[in-house]
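What follows is the residue order along each chain.
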Amino acid sequence: MTELQLIITIAMVVLGTMLTRFTPFLVFPAGKDTPKYVQYLGKALPGAALGMLVIYCFKDVDPLARAHGLPELIALAVIVGLHLWKRNMLLSIAAGTAAYMLLVTFVF
């Protein structure tokens, strides 16, 4: 990559970042009410995104394979249990990931 191409690439990344950061403030100014569909999306999308992540994580689990999906199910139980107990998303995800990696490495 030449120096000019590098400068253009950096400028385009900066421009894209600035546009995505400032556009919501221009489209939805502080004095106006937020449209109903945006409020609905704010309520519906987090659950939909998490559901999609769960499906993505379990899509390649083969119940006929040697471990029968047990590491994934145990890690899911750790995540759900910790989240219901502590209500801390980062702790739940970190502990579930660590549990999965330990199970895959040392048990299954």
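Residues numbered from 1 in each chain as written. Predicted model: local features only at pLDDT ≥ 70, side-chain atom pairs only at ≥ 80, totals over all residues. Heavy atoms only, no water.

1. Digging into the environment of Lys 86
Right, on to step 1. Take Lys 86: it is sitting in helix 3 (residues 70-86).
Right, on to step 2. The spatial distance from the C-alpha of Lys 86 to the C-alpha of Tyr 40 is 28 Å, given a sequence separation of 46 residues. (Helix = DSSP H or I, 4+ residues; strand = E, 2+ residues; numbered from the N terminus.)

2. A short note on the packing of helix 3 against helix 4 (residues 89-107)
Right, on to step 1. The contact between helix 3 and helix 4 brings their axes to 8 Å, and the two run at 155°. As summarised for this structure, helix 3 and helix 4 are arranged roughly antiparallel, according to the angle between their axes. For the element pair helix 3 and helix 4, the recorded crossing hand is right-handed. Residue-level contacts link Pro 71, Glu 72, Ile 74, Ala 75, Val 78, Ile 79, Leu 82, His 83 and Lys 86 of helix 3 to Met 89, Leu 91, Ser 92, Ala 95, Gly 96, Ala 99, Tyr 100, Leu 103 and Val 104 of helix 4.
Right, on to step 2. Taken together, the residues of the contact of helix 3 with helix 4 break down into 13 nonpolar, three polar and two charged. (Axes fitted to C-alpha atoms, helices over the stretch in contact; angles between N-to-C directions. Parallel < 35°, antiparallel > 145°, perpendicular 65-115°, else oblique. Left-handed = near helix turned anticlockwise from the far one by under 90°. Contact = heavy atoms within 4.5 Å. Nonpolar A, V, L, I, M, F, W, Y, C, P; charged D, E, K, R; others polar.)

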